[in-house]
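Examining the three-dimensional arrangement
One letter stands for each residue in the lines below.
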Amino acid sequence: MKYYTPQHKQLTLDLVRSSLDNLDKSNRWVQMGDLLPWADIEKEYNSRLDNKEKGAGNKPARMVVGAMLVKHKLGLSDQETIDIIRENPYMQYLCGLSEFTDTPIFDSSLFVTIRKRISEEEINAMTTKMLLKQQRILEDRLRQKEQESRDKGEEPPKPKAGDPDAAEFTDTKGRKHKGVLKIDATCADAEVRYPVDATLLETACRKIDEYTSKVCEEFGIKGKTTHYKDARRAYLLLIKQKVKKGRLVKDTIAYLLNCLTKDLRQLLDIFAVDHKRYDFLFLYEKKVITAIIQMMHQQDEMHRTGVHQCPNRKLLKDMEIQAYCKPLGRHPKDPPPQEVKAKMAKAIGRRNEIECSFGTGKRVYRANDIRAKLPDTAKCWTGMCYFVKNVMKFLRELCHILTEIWQLIINMVTEWGYVCTPVLVARY
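Residues numbered from 1 in each chain as written. Predicted model: local features only at pLDDT ≥ 70, side-chain atom pairs only at ≥ 80, totals over all residues. Heavy atoms only, no water.

It is worth spelling out the packing of aromatic side chains at this point. Scanning the entire structure with this criterion turns up 4 aromatic pairs. Between Phe219 and Phe280, the aromatic rings sit 5.8 Å apart at their centres with planes inclined by 85°, giving edge-to-face as the arrangement. One end of the pair, Phe219, is in helix 9 (residues 197-219); the other, Phe280, is in the loop between helix 12 (275-279) and helix 13 (283-305), and 61 residues separate them in sequence. Each ring, one from Phe282 and one from Tyr284, has its centre 6.1 Å from the other, and the planes form 10°; the classification is stacked. A cation sits over an aromatic face here: Arg62 above Tyr93, 5.7 Å from the ring centre. (Phe/Tyr/Trp six-rings, centres within 6.5 Å; stacked < 30°, edge-to-face > 60°. Helix = DSSP H or I, 4+ residues; strand = E, 2+ residues; numbered from the N terminus. Lys NZ or Arg CZ within 6 Å of the ring centre and 35° of its normal.)

The following block contains the structure:
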């Protein structure tokens, strides 16, 4: 028996070396690159830049937004996004490249600058541009169907009746309302801690103790001690309780406020002796001290007045906005009539659409894991998650329209072939 050693030949990469215009048009990244209104997005993106006469040139909006689409659609980190775009010609086509390259389109640190640059208004404006293009396509499709019905001698299809509750109306104060707005509130989990009152005070005591020790060690100040150990002991006594009774919580907050007030007054007295001691701290440490002072006044007022609520429903009542949410607190003495209950159940059913949208945004597009810590970058991160969600929905509807158009063309060609085939055979 003879054994033959196969001659392995390296596969050619002519596909990726050539122009990206020859890629498969059915690929999802190629479809996004062809269907999105890039001219409008470019105009909206460049409106925030001021580098026409000075400064370095910016990356094209298609490259930046395309990279953000890849990042939030696949849930990748900044560096992983750049790496996968460098390896994938379809993603490079989405980003506006004409030829395949293994060079990174930009450094991954640019994502931080992009998140600081793009605001909620720009993201909403890009979504509006995309929605307008979708409306134009749907209107053209409707006109085409009406024309086809007229050509066949049929009556054009009637438009569907709208929501009767969405009509405009004027309230008792003469203010005009344009219809119904489906709205709800949700929480997007972020890698930022949201502590309760006692935790806030304990953290503030710890920070003041750190800054006091830092300043005293630098300037040789002796005899300055804080009450952080006592505050920590009282805090642990509270959080270790399985059932935290109201009296214990209130007493612990009062004790922590007392410790924080004494330590903060001592630190401010140290700063008052020499302003260089305050200037020795970093800028973010100064901001932390300012935030601690504001938080301490808020906690002291809340502790004295016993108020822990926000007057949201008063605004709804003043604006005559009908909210069909079940109010918290005690049940009313007179239950609402059956008509109100039926209307509330119907409104809650309509609100389920928003709940489903929130669930999709969190589970599929990772809006429940916001890793940006600054407020502006966190808003951009959240906005991009839902922008990508809207893009994919826009893409699905357009693909459905294109599928119907291609099916219509296939049917026309098939019918034309059946009719003309005998004539062609007769000619032969």
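Turning our attention to the pattern of salt bridges. Counted under the stated rule, the structure contains 14 salt bridges. The partner of Arg232 in a salt bridge is Glu202, and the shortest N-O contact between them spans 3.1 Å. Of the two residues, Arg232 is situated in helix 10 (residues 228-239) and Glu202 in helix 9; the sequence distance between them amounts to 30 residues. Between Arg233 and Asp230 there is a salt bridge, with its nearest N and O atoms 2.9 Å apart. One end of the pair is Arg233 and the other is Asp230, both in helix 10 and 3 residues apart, which spans about a single turn. A relative accessible area of 53% means that Arg233 is categorised as exposed. With relative accessibility at 29%, the residue Asp230 sits in the partly exposed group. (Salt bridge = Lys/Arg side-chain N within 4 Å of Asp/Glu carboxyl O. Buried < 20%, exposed > 50% of the residue type's maximum accessible area, 1.4 Å probe, protein only.)

Our next topic: the environment of Ala372. Take Ala372: it is sitting in the loop between helix 15 (338-363) and helix 16 (375-427). Here the alpha-carbon distance between Ala372 and Arg115, two residues 257 residues apart in the chain, equals 9.0 Å. If we skip the residues at most four places from it in the chain, Ala372 touches Thr377, Ala378 and Trp381. (Contact = heavy atoms within 4.5 Å.)

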